[in-house]
Amino acid sequence: TGEVITEKKAIQAKYLGSVSFYIDAIACIPILKTLLSPFIKGENMIALSTNFNVLRMCRVLHFPSQFSELKKYLSRKEPVNEPLFRMCIILFFTLLLMCIFGCTYFGWSTAVVDNICPNPDLFKEEILGAEMW
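Residues numbered from 1 in each chain as written. Predicted model: local features only at pLDDT ≥ 70, side-chain atom pairs only at ≥ 80, totals over all residues. Heavy atoms only, no water.

**Notes on a nonpolar patch on the surface**
Here is step 1 of the chain: The grouping of Leu-70, Tyr-73 and Leu-74 at the surface amounts to a nonpolar patch, some 270 Å² of accessible area in total.
Here is step 2 of the chain: Position of Leu-70 relative to the elements: it lies in helix H5 (residues 63-74). (Patch = residues over 30% accessible without salt bridge, like charges linked within 9 Å, V, L, I, M, F, W, Y side chains within 5 Å. Areas by Shrake-Rupley, 256 points an atom, 1.4 Å probe, with all protein chains shown as cover. Salt bridge = Lys/Arg side-chain N within 4 Å of Asp/Glu carboxyl O. Helix = DSSP H or I, 4+ residues; strand = E, 2+ residues; numbered from the N terminus.)

Given below as structure tokens:
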């Protein structure tokens, strides 16, 4: 109806009954750390938790509602060009998927290779100290 709700109980009830609450709850729970911490220690736990922080990516499910809000905001001044707006959304999600796939590929490829980054001291001595030409 367009009225602003300022009661904390009403806001809380609406949020707890919405899909957004479940998305945020899943994204915030450290599932792997909680379940696997008694069994895995040290660097293996760090690597595993880093690779499985993907659960935070489920917050991407908030985007469709954000795009509809953007469309409402833009249409206040003038009508929104539907094909152009859809193309922008498709471009956004294409770039997002490219980023996700790139990060996943990098994570998998570096998981099997130890010490992928050179030691900074060796880098200074061997790479920067060597003549390039």
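**So, the pattern of salt bridges**
Oppositely charged side chains are able to pair whenever their charged atoms sit close together.
Here is step 1 of the chain: Counted according to the given criterion, the structure contains 3 salt bridges.
Here is step 2 of the chain: The residue Glu-82 makes a salt bridge to Lys-71 at a minimum N-O spacing of 2.4 Å. Linking Glu-82 in helix H6 (residues 82-111) with Lys-71 in helix H5, this pair joins segments that are 11 residues apart in sequence.
Here is step 3 of the chain: For Arg-86, the salt bridge identified is with Glu-82, shortest N-O distance 3.7 Å. In this pair, Arg-86 and Glu-82 are both assigned in helix H6, 4 residues apart and thus about one turn of the helix distant.
Here is step 4 of the chain: The class of Arg-86 is exposed, set by a relative accessible area of 54%.
Here is step 5 of the chain: For Glu-82, a relative accessible area of 26% translates into the label partly exposed.
Here is step 6 of the chain: Through salt bridges with shared partners, one network takes in Lys-71, Glu-82 and Arg-86. (Buried < 20%, exposed > 50% of the residue type's maximum accessible area, 1.4 Å probe, protein only.)

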